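Below are the chains, spelled out letter by letter.
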Amino acid sequence: MPTEPLSQKEIEDRLRELPGWSLAGDRLARTYRLATHFAAAAMVVHVARVQDELNHHSDLTLGYDTVALAVNTHDAGGAVTDRDFELASRVDAIASAHGAS
């Protein structure tokens, strides 16, 4: 079953539930800051595992002490869908274990 794009209002309403996340163009995006490069690298590995579990993958960028994600749903023509919010929520749920803010 195809994933349906969310309306602009649905995206705005759901973003209120995910502090730190925003709409950047046609993608949900967030950058986390961590204490060390090692902590950031560990978080990237954890995010990659979550993405594989969901079979939904973001652009994931490792900086010295940052982890940045940007995601939309290719199967929905590059629109934001429930799948993107599910991934964002799962990433938020693991971020604190890595000391991310």
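What you see is a predicted model, and the numbers here were worked out from it, not measured in a lab. (Residues numbered from 1 in each chain as written. Predicted model: local features only at pLDDT ≥ 70, side-chain atom pairs only at ≥ 80, totals over all residues. Heavy atoms only, no water.)

Enquirer: Can you walk me through the nonpolar core in this structure?
Expert: Counting residues in each nonpolar core, the largest one holds 26 residues, and the members touching the most others are Trp21, Leu28, Tyr32, Leu34, Met43, Phe85 and Val91. Broken down by secondary-structure element, the contributors of at least two residues to this core are helix H1 (8-15), strand S2 (27-33), helix H2 (37-54), strand S4 (66-71) and helix H3 (82-95). Looking at this core, the element that brings in the most residues is H2, giving seven residues. (Core = buried A, V, L, I, M, F, W, Y, C linked by side-chain atoms within 4.5 Å. Buried < 20%, exposed > 50% of the residue type's maximum accessible area, 1.4 Å probe, protein only. Helix = DSSP H or I, 4+ residues; strand = E, 2+ residues; numbered from the N terminus.)

Enquirer: What's the story with the packing of H2 against H3 in this structure? I'm lost.
Expert: Helix-helix packing is characterised by the crossing angle of the two axes and by the distance between the axes. Taken N-terminus to C-terminus, the directions of H2 and H3 make an angle of 145 degrees; their axes are 10 Å apart at the nearest point. Along this stretch, H2 crosses H3, giving a crossing that reads as right-handed. Counted together, Met43, His46, Val47, Val50, Gln51, Glu53 and Leu54 of H2 and Arg83, Glu86, Leu87, Arg90, Val91, Ile94 and Ala95 of H3 form the full contact between these two elements. Of the residues in the contact of H2 with H3, the class split is eight nonpolar, two polar and four charged. (Axes fitted to C-alpha atoms, helices over the stretch in contact; angles between N-to-C directions. Left-handed = near helix turned anticlockwise from the far one by under 90°. Contact = heavy atoms within 4.5 Å. Nonpolar A, V, L, I, M, F, W, Y, C, P; charged D, E, K, R; others polar.)

Enquirer: Looking at this model, I keep getting lost on the pairing of S2. Mind explaining?
Expert: Side chains on a regular strand alternate between the two faces of the sheet. Two elements, strand S1 (residues 22-24) and S2, share three bridges in a ladder whose sense is antiparallel. If you follow Ser22 over to S2, its bridge partner there is Ala29. From the end of S1 to the start of S2, which pair antiparallel, there are two residues, and Gly25 there has a positive phi angle of about 70 degrees. In the sheet, S2 pairs with S4 via six bridges, with the strands oriented antiparallel. Directly across from Ala29, in S4, lies its bridge partner Ala70. (Pairing = 2+ DSSP bridges.)

Enquirer: Help me understand H2 in this model?
Expert: Note that an α-helix has 3.6 residues per turn; residues three or four places apart therefore point the same way. Look at H2: 26 Å from first C-alpha to last across 18 residues, which is about the 26 Å you get at 1.5 Å a residue. Looking at the buried residues of H2, the elements they touch are S2, strand S3 (59-62), S4 and H3. Where H2 terminates, the next one or two residues include Asn55, which has phi positive at roughly 50 degrees. (Expected span 1.5 Å × (residues − 1).)

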